[in-house]
Amino acid sequence: MKDKIKIFASEKNWIEGEALRQLEKTAELAGMVSAVAMPDIHPGRGNPIGAAFITQGIIYPYLVGNDVGCGVGFFKTEIKRSKIKRDKWVKKLAGLESPWEGDSSQWLLQSGIESGTMDHSIGTIGGGNHFAELQLFEKIYDQNLFDKLTLDKNILMMLIHSGSRGIGDSVLRRHTEKYGAGGLDIDSEEAALYLKQHDYALKWAAANRHLIAYRMSEQLGCECEKISDVCHNSISRIESDKQSLWLHRKGAAASDCGAIVIPGSRGTLSYLVMPVGDQQKNAWSLAHGAGRKWNRSSTKERLKERFTTESLIRTDLGSYVICEDKELLFEEAPQAYKNIDVVIDDMVQAGLISVIASLKPLITYKVRQT
DNA sequence: ATGTCC
């Protein structure tokens, strides 16, 4: 069993024991070929978050979780850093938690997907660790790749972390009602149906991130352009020696789609990186963030005596947090997350990525009214 | 994580 497990984390990267116990337990599932921990691995509901699992002959919807298609999109604005109106924008940005007034089914159609029963929630951020963030480039590490991505150090960027909202949840629920955390034989009708719904959730989630970026840029008075959009909760087929294997990603960013942004927390830098070399050893996957250090309830316990709401809506980097849900404001505090620099460095040292640029937050939008 | 659980 141990030979199936790989962990991409150095000595200086603290990892919660429970996350590793969950990793070992998951590696024992029937059909498991390999279990790969990313440097941001942390405990989830029975199975770890921040890991990739390769199976043969069977798929496990429960490993992916309910936010099928969740990921991170990176979009360019047209606003120069010399034109920042932060306080005005903090007042103006609104409604990204509420239904879009535009034609949702048309947006989906333009994104190449059919409209359905969840059209009304397209373009909404959702809860938990999801956000829409306005960012500035902090430092360029690879000018050549930076230029190739048509980026400009003086142009503000938007980073969107969101998923498939109620869609993935209904897809997983339909599965767990009958099978719980059990897997599906890959040749079964159930597996085919799950994968079909899964594929829809992935496209829907990407269209969702794009619309969130569009809504944000509209409020800022500019156009937006997608630079990168990468999913971190999914199942995909990989071909290996004439056989099909199934790659499950749970909080593990796909590293076979070009450059990606790995967010820190709302109070730290995020990193634009390029996967390098043979990605097979890390199951074509990377960390999807800094990873939680403290769970939600303990975070609130630890911080409630020491911090006020007013202090938490500002960060050490001078950015502003729009989060009118007090519980969420505490739960997602930067202190709850591990050090993103350690996570990034672990992947650089392992030869998995090279850093293109770092970004710093200007405004993090979570939720306006609760 | 969730048109979420009480």
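Residues numbered from 1 in each chain as written. Chains lettered and ligands numbered in written order. Predicted model: local features only at pLDDT ≥ 70, side-chain atom pairs only at ≥ 80, totals over all residues. Heavy atoms only, no water.

Enquirer: Honestly, the protein's contact with DNA strand B in this entry has me stumped. Any pointers?
Expert: Lining the immediate environment of DNA strand B, one finds 13 residues, of which Arg-45, Asn-66, Gly-127, Asn-129 and Gly-166 sit closest. The sugar and phosphate moieties of DNA strand B supply 68% of its atoms located within 4 Å of the protein. Note that a base nitrogen of DNA strand B is positioned 2.7 Å from one of the side-chain N or O atoms of Arg-45. Measuring from a phosphate oxygen of DNA strand B, one finds a side-chain N or O atom of Arg-296 at 3.2 Å. Grouping the constituent residues of the surface near DNA strand B by class yields no nonpolar, eight polar and five charged. (Near = heavy atom within 4 Å. Polar contact = N/O pair within 3.5 Å; in protein donor to acceptor, adjacent residues only side chain to side chain. Nonpolar A, V, L, I, M, F, W, Y, C, P; charged D, E, K, R; others polar.)

Enquirer: Which parts of the structure should I look at to understand the nonpolar core?
Expert: Proteins that are soluble and globular tend to have nonpolar side chains buried together. Core analysis: the largest hydrophobic core is formed by 30 residues, its most contacted members being Val-273, Ile-344 and Met-347. No other element matches the four residues that helix H11 (residues 340-349) contributes to this core. If we skip the residues at most four places from it in the chain, Val-273 touches Ala-259, Ile-260, Ile-262, Ile-344, Ile-353, Ser-354, Val-355 and Ile-356. Among the nonpolar cores identified, the runner-up in size contains 23 residues, and Phe-75, Leu-134, Cys-224 and Ile-322 belong to it. (Core = buried A, V, L, I, M, F, W, Y, C linked by side-chain atoms within 4.5 Å. Buried < 20%, exposed > 50% of the residue type's maximum accessible area, 1.4 Å probe, protein only. Helix = DSSP H or I, 4+ residues; strand = E, 2+ residues; numbered from the N terminus. Contact = heavy atoms within 4.5 Å.)

Enquirer: Can you walk me through the sheet that holds strand S1 (residues 5-7) in this structure?
Expert: Picture the strands of a sheet paired through backbone hydrogen bonds; they go either parallel or antiparallel. On the basis of which strands lie adjacent, the open sheet formed by five strands has the order S1-S2-S3-S11-S10 and mixed pairing. The strands lining the two open edges of the sheet, one partner per strand, are S1 and strand S10 (233-240). Shown here is a sheet whose adjacent strand axes are inclined to one another by a mean of 15°, direction ignored. Strands in contact with helix H1 (residues 17-27) are S1, strand S2 (32-42) and strand S3 (49-55); relative to S2, the strand with the most contacts, it is inclined by about 165°. Relative to the sheet, helix H7 (residues 189-220) contacts S10 and strand S11 (243-250), its axis offset from that of S10 by approximately 115°. (Pairing = 2+ DSSP bridges. Axes fitted to C-alpha atoms, helices over the stretch in contact; angles between N-to-C directions.)

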